[in-house]
Amino acid sequence: MGGDKSGKDSLHTMSTTILFSALLGVSAYLIFRRANNKCPPLPPGPSPKPIIGNTLDFPLKKPWVQYLKMSKQFNCTTSVFLQASCLTLEFLSQAA
């Protein structure tokens, strides 16, 4: 019976170590990413979601409809994040 308790303690210690390591790794990644983010201030744009950015804000069919909405909401220049990339979009108006 004594060996059974030792096995449970070992499993608990191992899972705690894995959880702590994962949290430490994620924290280090976020700190590193913030420290190396030396891009200039960007024009306003829709708020990005963690990891995926603004990927879901762009429909696959008729994307120009979404671009038109953004041009009206954020004026002529906007920034969007598509996963790890930041794009700056400029909307040009055409005189009729």
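Residues numbered from 1 in each chain as written. Predicted model: local features only at pLDDT ≥ 70, side-chain atom pairs only at ≥ 80, totals over all residues. Heavy atoms only, no water.

A. Just the UniProt feature "transmembrane region" (unreviewed entry) in the protein chain, in detail. Residues given the UniProt feature "transmembrane region" (unreviewed entry) here are residues 12-32. With 100% helix and 0% strand, residues 12-32 has end C-alpha atoms that lie 30 Å from one another. (UniProt positions renumbered as here; feature names shortened; annotations may be inferred. Helix = DSSP H or I, 4+ residues; strand = E, 2+ residues; numbered from the N terminus.)

B. Representation of a nonpolar patch on the surface. A contiguous nonpolar patch, built from Leu11, Met14 and Ile18 and spanning about 320 Å² of accessible area, is present on the exposed surface. Examined against the element boundaries, leucine 11 turns out to sit in helix H1 (residues 2-35). (Patch = residues over 30% accessible without salt bridge, like charges linked within 9 Å, V, L, I, M, F, W, Y side chains within 5 Å. Areas by Shrake-Rupley, 256 points an atom, 1.4 Å probe, with all protein chains shown as cover. Salt bridge = Lys/Arg side-chain N within 4 Å of Asp/Glu carboxyl O.)

C. Representation of the environment of serine 79. Examined against the element boundaries, serine 79 turns out to sit in strand S1 (residues 77-82). Along the sequence, serine 79 and proline 43 sit 36 residues apart, while their C-alpha atoms lie 5.7 Å from each other. Here serine 79 is in contact with Leu42, Pro43, Pro44, Gly45, Pro46, Cys86, Leu87 and Thr88, once residues within four sequence places are set aside. (Contact = heavy atoms within 4.5 Å.)

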